[in-house]
Amino acid sequence: AWLLVPGRAAAEDVWATNAGYRQSALKTCASAGADRTACRNFTGETLDRLFGIGDFCNPTRCMKAVEIEWEIRNAPEKWAVLGAAGDQAVLDKARELAATKAVVAMLKQADRGQIAIIMPGAAVASGRWGLRVPVSVSARVDHPEKSVYAKALSWLFAGTQDVVLYARR
């Protein structure tokens, strides 16, 4: 099963089933030259493949992170705001929800967007943030070699400022 269907499969199973595919996509992104299409498509393709959320890709292209960020932020009927990344209760709730739903952390600064998809699993201590943070996956278009898979959220975002978490309703 590729899609997370409530009551039929745990998110951990969906992530495990698709681990090779996602890691391969990140390797392609990390080795990207001038064409960063694999990096740009990563978030939309992952949300579609793992959770059946096809809102961010069409047959010709996937949205850029800044476009996805805008869509999620402006679709309260589809995405619930969990809160700021600097709040331990929000991080804990994000980890809890990631066991059954799509959960994202998004950075919004001017015209730059970066999105991490929260993975199910234990929290890890972040000395940089001073919090216990969930693990995540994300492709970096700006620095493909810094893309992350199953690493603390604090590996992707230097600080908690301007990082907000959302869960699919």
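Residues numbered from 1 in each chain as written. Predicted model: local features only at pLDDT ≥ 70, side-chain atom pairs only at ≥ 80, totals over all residues. Heavy atoms only, no water.

Draft legend 1. Summary view of the sheet that holds strand β1 (residues 79-84). In space, the six strands of this open sheet follow the order β1-β8-β2-β3-β6-β7, with antiparallel pairing throughout. Bordering the open sheet on either side are β1 and β7 (148-152), each of which pairs with just one other strand. Averaged over neighbouring strand pairs, the angle between their axes works out to 30 degrees when direction is ignored. Here five bridges tie β1 to strand β8 (residues 163-168), and the two strands are oriented antiparallel to one another. (Pairing = 2+ DSSP bridges. Helix = DSSP H or I, 4+ residues; strand = E, 2+ residues; numbered from the N terminus. Axes fitted to C-alpha atoms, helices over the stretch in contact; angles between N-to-C directions.)

Draft legend 2. Molecular detail of the side chain of Q114. Its place among the elements puts Q114 in strand β3 (residues 112-118). With relative accessibility at 5%, the residue Q114 sits in the buried group. Reaching out from Q114, the side chain makes a polar contact with the side chain of S138 at a distance of 2.7 Å. Engagement of the side chain of Q114 in a polar contact is seen with the backbone oxygen of A139, the distance being 3.2 Å. When neighbours within four sequence positions are excluded, Q114 is seen to be in contact with A65, A105, M106, L107, S138, A139, R140, D142, L156 and F157. (Buried < 20%, exposed > 50% of the residue type's maximum accessible area, 1.4 Å probe, protein only. Polar contact = N/O pair within 3.5 Å; in protein donor to acceptor, adjacent residues only side chain to side chain. Contact = heavy atoms within 4.5 Å.)

Draft legend 3. Layout of the state of the cysteines. Per the counting criterion, the structure on display carries two disulfides. A sulfur-sulfur distance of 2.0 Å marks the disulfide that ties C29 to C39. Disulfide C29-C39: the torsion about the S-S bond is 105 degrees, which places it as right-handed. Placement of C29 in helix α2 (residues 19-30) and of C39 in helix α3 (residues 37-51) is noted, with a sequence separation of ten residues between them. Overall, C29 belongs to the buried group, its relative accessible area being 0%. Overall, the relative accessible area of 2% leaves C39 in the buried class. C57 shares a disulfide with C62; S-S distance 2.0 Å. A torsion of 105 degrees about the S-S bond marks the disulfide between C57 and C62 as right-handed. With a relative accessible area of 4%, C62 lands in the buried category. Taken in sequence order, the bonded cysteines of the protein link in the pattern 1-2, 3-4. (Disulfide = S-S within 2.5 Å.)

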